[in-house]
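# Working through the structure, step by step
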Amino acid sequence: AAAGAEGEEAPEYSDDSSDLILAPMVRIGTLPMRLLALRYGADIVYTEELIDWKTCAEEKEQVVLQMGTCDAGRALKVAKMVENDVAAVDINMGCPKEFSIKGGMGVALMGQPDKAWNILNTLVTNLSINVSCKIRILNTPEETLELVNKLVSSGIKAIGIHGRTKDERPQHAVNTDIIRYVAERISIPVIANGGSKEIEKHSDIYKFKEMTGCTSVMLARAAEWNCSIFRKEGLLPMDTVIKEYLQLAVDYDNSPSNTKYCVQNILRDLQETPRGRQFLDTIWDLGEYCQKKQSEYQKMGIKGRWQVTPDELEPPYK
Ligand code: FNR
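Basis of the calculations
- Residues numbered from 1 in each chain as written.
- Predicted model: local features only at pLDDT ≥ 70, side-chain atom pairs only at ≥ 80, totals over all residues.
- Heavy atoms only, no water.
- Helix = DSSP H or I, 4+ residues; strand = E, 2+ residues; numbered from the N terminus.
- Buried < 20%, exposed > 50% of the residue type's maximum accessible area, 1.4 Å probe, protein only.
- Contact = heavy atoms within 4.5 Å.
- Pairing = 2+ DSSP bridges.
- Axes fitted to C-alpha atoms, helices over the stretch in contact; angles between N-to-C directions.
- Salt bridge = Lys/Arg side-chain N within 4 Å of Asp/Glu carboxyl O.
- Near = heavy atom within 4 Å.
- Polar contact = N/O pair within 3.5 Å; in protein donor to acceptor, adjacent residues only side chain to side chain.
- Nonpolar A, V, L, I, M, F, W, Y, C, P; charged D, E, K, R; others polar.
- Core = buried A, V, L, I, M, F, W, Y, C linked by side-chain atoms within 4.5 Å.
- Right-handed = clockwise from strand over helix to strand, strands pointing away.
- Arc of directions from axis to C-beta.

## Overview of the overall build of the chain
Looking only at helices and strands, the chain features twelve helices and eight strands. Relative to its 318 residues, the chain shows a buried fraction of 55%. Looking at the chain alone, contacts between residues at least 24 apart form 70% of all its contacts between residues at least 6 apart.

Given below as structure tokens:
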């Protein structure tokens, strides 16, 4: 899989007419990962679903704020606050987790098309930026298309489709046929999602794009494991990705606990191996970098969150 890849690959097939997108991922899609994805070549990056004010100028034209909501008025109030800081707003209509469903959010909205339409239309009518939504497929192509047509009539500019039903889990095969069936029949761009299991290198993204007949591809797990999947020149080794990720985390004072979580999700099974421990040791090569940044922060009168002594850190930073 992408995460374990070593060494540079030769430049490979890529297609500059496509949009490559970092999918929304709770806790993973915080600022450093979004910037890393952009620097590696992603065209658009989604925030995690939680409302997160931390955006920056570098990503402003390419960042999509994803919101979990069940209420048009509240969604609009939040979207108005960030309207000038983000490129677009997306409504999560695919999250199958209990907290979403109980709150009438995520996949619950797919069962209430009128409510979903009203949320989207309220945003489209009152915002100066683009609005989109991200859904899952329904059981048949026809049912999925019927729902999509309704959502498209709200005025949204694009729709992300995760090719699994609400009852399917990431280990289930992704249904590219239903995504394609819809993409061939609607007028706005469809963003294909759900192919990470089969996407091990950059050129695999275009295979998924072809199979789904979409204009754009959105990656979650493949980018979580090795964000350099967006590089058309090929994957970078995991230790390079971790180092570049950590530099951004320090530069933007991302919280150490979130940073640790993201690095653990890059390392995955390797955390417990000697090789994993070696990686964690190399993270300490950034000690000097942290200190340099800290003195910059101090000069600006800011106490950065990375101002810690090694003893204060929990594993795996220790
Ligand atoms: C997700 N996913 C997700 N989806 C969403 O709409 N909002 C979210 O906040 C999240 N959070 C999230 C966290 C993590 C850690 C993962 C792995 C996934 C779902 C994700 O965007 C995507 O739809 C699926 O993972 C399928 O795409 P891939 O992984 O095959 O590219």
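## Section: the sheet that holds strand β6 (residues 158–162)
Around the barrel, eight strands lie side by side as β1-β2-β3-β4-β5-β6-β7-β8; this closed barrel has parallel pairing. Taking each pair of neighbouring strands and ignoring which way they run, the sheet shows an average axis angle of 25°. Each of β1 (19–22), β7 (190–193) and β8 (216–219) is contacted by helix α7 (residues 202–212), which is oriented at about 125° to β8, the strand it contacts most.

## As for unusual backbone geometry
The residue aspartate 253 is not glycine, and still its phi comes out positive at about 55°. Residue aspartate 253 is classed as buried on the basis of its relative accessible area of 14%. In this model, arginine 268 sits at a positive phi of 45°, which is unusual for a non-glycine residue. Relative to the helices and strands, arginine 268 resides in the loop between α10 (256–267) and α11 (274–283). Of the residues examined, arginine 268 reaches a relative accessible area of 29% and is grouped as partly exposed.

## Things to note about the environment of alanine 42
Looking at where alanine 42 falls in the secondary structure, it is placed in the loop between α1 (31–40) and β2 (44–46). Of the residues examined, alanine 42 reaches a relative accessible area of 4% and is grouped as buried. Linking alanine 42 and leucine 219, residues 177 residues apart in sequence, is a C-alpha distance of 9.7 Å. Ignoring anything within four residues of it in the chain, the contact list for alanine 42 reads Leu20, Ala37, Gln62 and Phe230.

## Description of the pattern of salt bridges
This model, assessed by the stated rule, comprises eleven salt bridges. Here lysine 150 and aspartate 114 are joined by a salt bridge, their closest N and O atoms 2.5 Å apart. Taken as a pair, lysine 150 in helix α5 (residues 141–152) and aspartate 114 in helix α4 (residues 113–126) lie far apart in primary sequence, 36 residues in all. Assessed through its relative accessible area of 29%, lysine 150 is described here as partly exposed.

## Some remarks on the pairing of β1
The sheet contact formed by β1 and β8 spans four bridges and is parallel. Paired with leucine 20 across the strands is valine 217, a residue of β8. Sheet topology places β1 next to β2; two bridges connect them, and they run parallel. Paired with isoleucine 21 across the strands is isoleucine 44, a residue of β2.

## Description of the site of the ligand
In the region of the ligand, 18 residues are neighbours, and Gln66, Asn193, Ser196, Ala220 and Arg221 sit closest. Within the side chain of asparagine 193, a nitrogen or oxygen atom sits 2.5 Å from an oxygen atom of the ligand. Separating an oxygen atom of the ligand from a backbone N or O atom of glycine 195 is a distance of 3.4 Å. Its residues assigned to classes, the shell around the ligand shows seven nonpolar, seven polar and four charged.

## Concerning the nonpolar core
Membership of the largest hydrophobic core comes to 91 residues, with the highest contact counts inside it found for Met93, Leu123, Leu151, Ile159 and Phe230. Residues contacting phenylalanine 230, with those up to four places away along its chain left out, are Leu20, Ile21, Leu22, Ala37, Tyr40, Gly41, Ala42, His202, Leu219 and Ala223.

## Let's talk about the pairing of β8
Here β8 shows two buried faces, one formed by Ser216 and Met218 and the other by Val217 and Leu219. Read as a crossover between parallel neighbours, the route from β7 over α7 to β8 is right-handed.

## Quick word on helix α2 (residues 72–82)
Of all the residues in α2, the buried ones are Ala72, Ala75, Leu76, Ala79 and Val82. What you see down the axis of α2 is that its buried residues fit within an arc of 130°, all on one side. The exposed residues of α2 that point more than 90 degrees off its buried face are Lys77 and Met81. Against β3 (63–67), β4 (88–93) and α4 lie the buried residues of α2.

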